[in-house]
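Structural features, examined
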Amino acid sequence: MLARWVVAAILTGLCALAPAHAKDSNIMADKHWSLAIHGGAGVITRDRLDEKQRGGIEAALGQALDAGSTVLAAGGSAVDAVQAVVEVLEDDPHFNAGRGAVFTYEGSNELDAAIMDGSNRAAGAVAGVTHIRHPVALARAVMADSPHVFLSGAGAEEFAREKGFEMTDPAWFATESRRKALEEFKARKVSWFDIDLKYGTVGAVARDAQGHVAAATSTGGLTGKRWGRIGDSPVIGAGTYADDRTCAVSATGAGEFFVRAGVAHTICDRVRFLHETVQEAADATIKEVGELGGDGGVIVAGPDGTTAFSFNTPGMYRGRADSSGMHEIAIFGDD
Ligand code: ASP
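Residues numbered from 1 in each chain as written. Predicted model: local features only at pLDDT ≥ 70, side-chain atom pairs only at ≥ 80, totals over all residues. Heavy atoms only, no water.

Focus: the sheet that holds strand β11 (residues 315–322)
Within a sheet, adjacent strands bond to each other through the backbone by hydrogen bonds, running parallel or antiparallel. This is how it is decided: By definition, two strands form a pair when at least two bridges between them are found by DSSP. Segments assigned H or I by DSSP are reported as helices when at least four residues long, segments assigned E as strands when at least two residues long, and all are numbered from the N terminus. Interaxial angle, 0 to 180 degrees, is taken between N-to-C directions of lines fitted to C-alpha atoms, where a helix line uses only the stretch in contact. By the convention used here, residues are in contact when the closest approach between their heavy atoms is within 4.5 Å.
Read from one edge of the open sheet, 8 strands run β4-β3-β2-β6-β5-β1-β11-β12, paired in mixed fashion. Of all the strands in the sheet, the pair left with one neighbour each is β4 (150–152) and β12 (327–332). For this sheet, the mean angle separating the axes of adjacent strands, direction not counted, is 10°. The sheet strands contacting helix α5 (residues 135–145) are β2 (111–117), β3 (122–129), β4 and β6 (213–219), and the helix crosses β3 at an angle near 135°.

Rendered as structure tokens:
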């Protein structure tokens, strides 16, 4: 024990004696960035997706990836990048977030979102908002501009009004295909987890050139949800988490199982205490979700810039980019 302490003290002393430019050059060499995004996981197979849908989804993922990459390439923060990605996807009707969100049992669109900054573990989240075009922006305002972490329903919207957010007509969020999914849900009286074959929640994780990580997630939840149901997406530690010491995570899937498994926090803890890679930690945690009976996936970014995808569904809408020029978009499990 004493010997270890002596070695540590000598190493610390040596570091303090190192010339300042040596430290600076390390920082310079470390200016890379990386980004991973998702647009939901589920029974996404080639026979279920026609060319037009596929093209639309790939274009939207590409646009979102570009929005985040632009921020990171300019030296912007991981938090700004994940917000930029999610806002693009919230506006795109292909995804279950913002415009194109699924319907509640009563026929409204109730939106949940969260954002977390790994540099200081600041976090913000909102649930059940119905008039906010970009719920992720409101989550960011909760993080930056309120003493709280998680606001819901009417209170969250009152906060939004006070902060100058525009109130959006709920008609903006409603799409025909999601309305049909609700009708189908009611007619078939099937479970929440059967009806929506591709869930469509959106999220992003990033590592910026300063070495910080961040995560954001946004969703309409599950078709036919009732009684003010909230899933994993806005729950810090379940659907969203970021910590510079470990990783940043955004999840998608059957939220109840992700809440019960504390998915995002578990992945980070596995990295921290078991010293697993982000891929190993993500795979082990998704396996645990599967053992509980849940399905879905996660995207993860580590502070070293490594990114990982893990899902137990046939597909997940996903993409990644980094400062070396990598730019990938994928949909199916075997892509
Ligand atoms: N996880 C989301 C929820 O349960 C749904 C999804 O990912 O599509 O609200």
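Considerations on the packing of aromatic side chains
Definition in use: Working definition: rings of Phe, Tyr and Trp (its six-membered ring) pair if their centres are within 6.5 Å, and the pair is stacked with planes under 30 degrees apart, edge-to-face with planes over 60 apart, and tilted otherwise. Partly exposed describes any residue whose relative accessible area lies between the buried limit of under 20% and the exposed limit of over 50%, with all areas from a 1.4 Å probe on protein chains only and scaled to the type maximum. Geometrically, a charge over a ring is one whose NZ (Lys) or CZ (Arg) sits within 6 Å of the ring centre while staying within 35 degrees of the ring normal.
Overall, the coordinates contain 2 aromatic pairs when judged by the stated rule. Ring geometry for Y105 versus F185: centroids 6.4 Å apart, planes at 85°, classification edge-to-face. With a gap of 80 residues between them, Y105 in the loop between α4 (78–91) and β2 and F185 in helix α7 (residues 176–188) connect regions that are remote in the sequence. Given a relative accessible area of 27%, Y105 falls into the partly exposed group. You can call F185 buried: its relative accessible area is 6%. The positively charged end of R226 is found above the aromatic ring belonging to Y105, 3.8 Å away from the centroid. Above the face of the F309 ring, R318 is positioned so that its terminal group lies 5.9 Å from the ring centre.

Some words on helix α11 (residues 278–292)
Rule in force here: In this scheme, a helix's expected span is set at 1.5 Å multiplied by one less than its residue total. By definition, the arc is the one covered by directions from the helix axis to the C-beta atoms.
Counted at 1.5 Å a residue, the expected span for α11 with its 15 residues is 21 Å, and the 21 Å between its end C-alpha atoms agrees. Residues of α11 that are buried include every one of V278, A281, A282, T285, I286 and V289, and no others. Burial along α11 is one-sided: seen end-on, the buried residues are contained in an arc of 125°. Exposed side of α11, more than 90 degrees from the buried face: K287 and E291 are the residues found there. For α11, the secondary structure elements touched by its buried residues are β8 (247–253), α9 (255–261), α10 (263–273), β9 (296–301) and β10 (307–311). Looking one or two places after α11, you find G293, whose phi comes out positive at around 110°.

Observations regarding the confidence of the model for the protein chain
In plain terms, the rule: Values of pLDDT, which run from 0 to 100, indicate the predictor's confidence residue by residue.
For the protein chain, per-residue confidence averages 90 on the pLDDT scale, and residues scoring 70 or more make up 88% of the total. Confidence drops under a pLDDT of 50 for residues 1–29, and excluding neighbours within four residues, the segment shows 1 contact in the predicted structure.

Some thoughts on the pairing of β2
Of all 7 residues making up β2, 7 are buried, and the element is well covered by its neighbours. Side chains L111, A113, I115 and D117 project from β2 onto one buried face, and the interleaved D112, A114 and M116 project onto a second face that is buried too. Of the pairings in the sheet, the one linking β2 to β3 comprises 6 bridges and is antiparallel in character. Its bridge partner lying in β3, L111 is registered against V129. Adjacent in sequence and paired antiparallel, β2 and β3 are bridged by 4 residues, among which R121 carries a positive phi angle near 55°. Looking at chain direction, β2 and β6 are connected through 6 bridges and run antiparallel.

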